[in-house]
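Now for the letters of each chain:
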Amino acid sequence: MTRISQRLLALYLASLLALAALGAHNQLRRGHHEAVLGQKYLLQTQLSALRQEVAGVTGVLAIRSWAVERGMVAAPEALNVGEVDAVPAPRTPLPQGALEVDTLWR
Amino acid sequence: MALRHVTVTPLTRRQTQAREGARAHPTVQPPPPEGGPELELRKRPLFALCLGLPLVLALGGFVGAGVRLPAWPEVLAEPTQRGAILAGDGTILAEGDAGLRRYPQGRLAAHLLGFSGSEQPDGSYGLEGLERKLDATLQAGEDVQLTLDPDLQAIAQTELARAAALHGAKNGAVVLLEAGTGRVLASAAYPDFDPNAQATFLDRSVIGNRPFTALVEPGSVMKPFVVAALLHDRRLRPDEVLNVEPSLRVGDKTFTDVTAHEPKLEIRDILRVSSNVGMIRLGERFSSTELASWYHRFGFGREVAIDYAANEEGTINPPEAWVPQDHASAVIGQSMSATALQLAAAYSIFANDGLYVAPQIVASQVASTPSERVLDSEVARTVREMLAYTVQNSSLIDAKIPGVSVAGKSGSADLYDVDKGAYIDAGTLSFAGIFPAEKPKVIGVMYLQRVTEKGALSVSVTAPAFRAIGSQAVALWDEAALTGR
């Protein structure tokens, strides 16, 4: 075997081994990918189901139904409007700033 | 530079002849081997074994490591991604891949959303409603935001269902539009359904988008349009007073007024008592062609230019075929049909000071929605004032929203029963309103059909339901919105 043949053989073997290693790695990654996709699908399904469950408790329809059952009356329909607190909170003039937060309870 | 001394010795004759002979007959010689001797024949199988052995070892190793062989190169197929449908505030209304679509809010806006299912022959997945109309966008993985306000949607659905149950109605619809922009704030239908369970439905008749596609004879809610058209054409003065008899014979039909009234009525009082006779007298100032043309200008008898939502154009019979009683019927909103969406869009002309703004359901389309001037702004404001006067001074007191002015009109229209081949008295009870009347924010249209309650009229059925919706809507506004600042 000539020297060049020996070199080419070594290169061939090295390439073959590298290719084999890459193939094996790729196969393992593929399996992992498959598992992750399955997990993603499962989580998405769970998330959607949980969102649906949450909407059954905190969704606009659920809250409205809950409130109406307990006697909620829309603010304009209320016959008597009064302060909830025993003593009205003192009204102190706020300094004029760049940001104002005005909370209105109905 | 070093000099090199060369001594030249001339060639002998024989040497010269030999060199010339070599030039004339050159001989081909194989190139000399560079590395060494060639691979001997008997060593070649061994060499092949050396090359193949690592491959066999690698294959053995893969199998030992649990790698499946042979593995055909393929891309792992993910389920088809589908964009979500969101409400105006970002609430998720529909999500998930095409194969497993979910509607987290359940019944909320179900008629509008529709639903998707398995892949259709044309490659689409949407089967009904926006899921169908927006299929291409959703399949591209894009989310779509709607103009719907989930709170108002919930209010509209709840109050519609409550009114229907209270008065024994078979079906109904509500549409709420935002003044100025044409945004659809709410669109509710009764009975409703849960799209998560659509595959199990036995009765598929409930899934249609009733507010956009179901046609009804509107009845008296059409009367303000005739008044507006006459005012616009200068064929009527707002302060005119008419002699209005209690009943009137037109062709082979007798029209009567339901509410007793004085013999002389101002125009606004004709609307207040919803006088059929007074309106028919006013309608005589238009030819049938002119009346039909005006209804078209208000958006009836043609599709609403709303993007991504199927809707019906309604019916206005060809005016050349009208007999006198057809003309009279058309003036009071009978012998024609319209959807709740069309009515709401038409009432928005009064709210928008004479400008027709096409409703939109997809948020991105709102900025480019077409608008056209239909009425002089002064005429639109005058009609709005008449409608506010109507709510303030008539039996429509139940439509008044405490603290907020309402301009509106009720309607109790006869409903043609296809099965019986006859009209049902007051088969469609409706109310169309605008609030606040001075600076409109919301236009609402509501109707209920086939109410089983004895003697039910719109003033006792849809007017209070409209008030309930309006009151709860107003409760959501902040102070600035309420006062119009």
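All figures in this text were calculated on a predicted structure; none of them were measured in a lab.

K.L.:
Even after reading the chapter, I still don't get the overall build of chain B, so can you show me in this structure?
P.N.:
Within chain B one finds 16 helices and 18 strands. Counting only residues that meet the buried cut, chain B has 50% of its 485 residues in that class. Here chain B displays about 23300 Å² of accessible surface, and carbon together with sulfur accounts for 54% of that area.

K.L.:
What's the story with the side chain of Glu217(B) in this structure? I'm lost.
P.N.:
Residue and element names in this part refer to chain B. Assignment of secondary structure puts Glu217 in the loop between α7 (210–213) and α8 (223–232). The side chain of Glu217 is buried and forms no salt bridge, while Lys253, the nearest opposite charge, is found at 7.6 Å. Of the polar contacts made by the side chain of Glu217, one reaches the backbone nitrogen of Ser335; its length is 2.8 Å. Sequence-distant contacts of Glu217, that is, excluding residues within four places in its chain, are made with Gly333, Gln334, Ser335, Met336, Ser337, Ala413, Asp414, Tyr416, Tyr423 and Thr428.

K.L.:
Looking at this structure, how should I read the sheet that holds strand β2 (residues 92–94) of chain B?
P.N.:
The strands making up a sheet associate through hydrogen bonds between their backbones, and the pairing can be parallel or antiparallel. All names here are of chain B. Sheet architecture is open: 3 strands sit in the order β2-β1-β5, paired in mixed fashion. The open sheet has two free edges, formed respectively by β2 and β5 (144–145), since each of these has just one partner strand. Sheet topology places strand β1 (residues 85–86) next to β2; 2 bridges connect them, and they run antiparallel. Note on β2: the bridge partner recorded for Ile85 is Ala94.

K.L.:
I would appreciate a short explanation of the UniProt feature "signal peptide" (unreviewed entry) in chain A in the present structure.
P.N.:
Residues annotated by UniProt as "signal peptide" (unreviewed entry) correspond here to residues 1–20 of chain A. What you have in residues 1–20 of chain A is 90% helix and 0% strand, and the ends, taken at the C-alpha atoms, are 26 Å apart.

K.L.:
I keep staring at the pattern of salt bridges and nothing clicks. Help me out?
P.N.:
Between side chains of opposite charge, pairing is possible as soon as their charged atoms come close. All names here are of chain B. Counted under the stated rule, the structure contains 21 salt bridges over all chains. Residue Arg234 pairs with Asp376 through a salt bridge whose shortest N-O separation is 3.5 Å. Residue Arg234 is found in the loop between α8 and β8 (241–243), and its partner Asp376 is found in the loop between β15 (371–373) and α14 (377–393); the two are separated by 142 residues along the sequence. The exposed category is assigned to Arg234, whose relative accessible area is 62%. Classification of Asp376 by relative accessible area gives partly exposed; the value is 27%. With its nearest N and O atoms 2.5 Å apart, the salt bridge here joins Glu245 to Arg281.

K.L.:
I keep staring at empty space enclosed by the protein and nothing clicks. Help me out?
P.N.:
Empty space among the atoms becomes apparent when a probe as large as a water molecule is rolled across them. Under the definition given, this model contains 1 cavity of 30 Å³ or more. Taken as a whole, the largest cavity spans an internal volume of roughly 70 Å³. The wall of the largest cavity is formed by Tyr41(A), Gln44(A), Thr45(A), Ser48(A), Gly96(B), Asp97(B), Leu100(B) and Arg102(B). For the lining of the largest cavity, a count of residues per class yields 2 nonpolar, 4 polar and 2 charged.

K.L.:
Is there a simple way to think about the packing of aromatic side chains in this case?
P.N.:
For any pair of aromatic rings, the description rests on two quantities: the centre-to-centre distance and the angle between the ring planes. All names here are of chain B. Taken as a whole and judged by the stated rule, the model has 11 aromatic pairs over all chains. Arranged with centres 6.2 Å apart and planes meeting at 75°, the rings of Tyr295 and Phe300 form a pair that is edge-to-face. Grouping residues by exposure puts Tyr295 and Phe300 together as buried. Over the aromatic face of Tyr389 sits the side chain of Arg268, whose NZ or CZ is 3.9 Å from the ring centroid. The lysine or arginine in question, Lys441, covers the ring of Trp477, its NZ or CZ lying 5.0 Å from the ring centre.

K.L.:
Teacher, can you tell me more about the packing of helix α10 (residues 276–283) of chain B against helix α12 (residues 324–331) of chain B here?
P.N.:
Residue and element names in this part refer to chain B. At their nearest, the axes of α10 and α12 sit 9 Å apart, and the two run at 115° to each other. Here α10 lies roughly perpendicular to α12, going by the angle between them. In this structure, the crossing between α10 and α12 has a hand that is right-handed. Residue-level contacts link Met279, Ile280 and Gly283 of α10 to His327, Ala328 and Val331 of α12. Per-class residue counts for the contact of α10 with α12 are 4 nonpolar, 2 polar and no charged.

The rules behind the values
Residues numbered from 1 in each chain as written. Chains lettered and ligands numbered in written order. Predicted model: local features only at pLDDT ≥ 70, side-chain atom pairs only at ≥ 80, totals over all residues. Heavy atoms only, no water. Helix = DSSP H or I, 4+ residues; strand = E, 2+ residues; numbered from the N terminus. Buried < 20%, exposed > 50% of the residue type's maximum accessible area, 1.4 Å probe, protein only. Areas by Shrake-Rupley, 256 points an atom, 1.4 Å probe, with all protein chains shown as cover. Lys, Arg positive; Asp, Glu negative; His and termini not counted. Salt bridge = Lys/Arg side-chain N within 4 Å of Asp/Glu carboxyl O. Polar contact = N/O pair within 3.5 Å; in protein donor to acceptor, adjacent residues only side chain to side chain. Contact = heavy atoms within 4.5 Å. Pairing = 2+ DSSP bridges. UniProt positions renumbered as here; feature names shortened; annotations may be inferred. 1 Å grid on protein atoms, 1.4 Å probe; cavity = no way out; pocket = protein on both sides within 12 Å on 5 of 7 lines; lining within 4 Å. Points joined across faces, edges and corners; volume = space filled by probe spheres on them. Nonpolar A, V, L, I, M, F, W, Y, C, P; charged D, E, K, R; others polar. Phe/Tyr/Trp six-rings, centres within 6.5 Å; stacked < 30°, edge-to-face > 60°. Lys NZ or Arg CZ within 6 Å of the ring centre and 35° of its normal. Axes fitted to C-alpha atoms, helices over the stretch in contact; angles between N-to-C directions. Parallel < 35°, antiparallel > 145°, perpendicular 65-115°, else oblique. Left-handed = near helix turned anticlockwise from the far one by under 90°.

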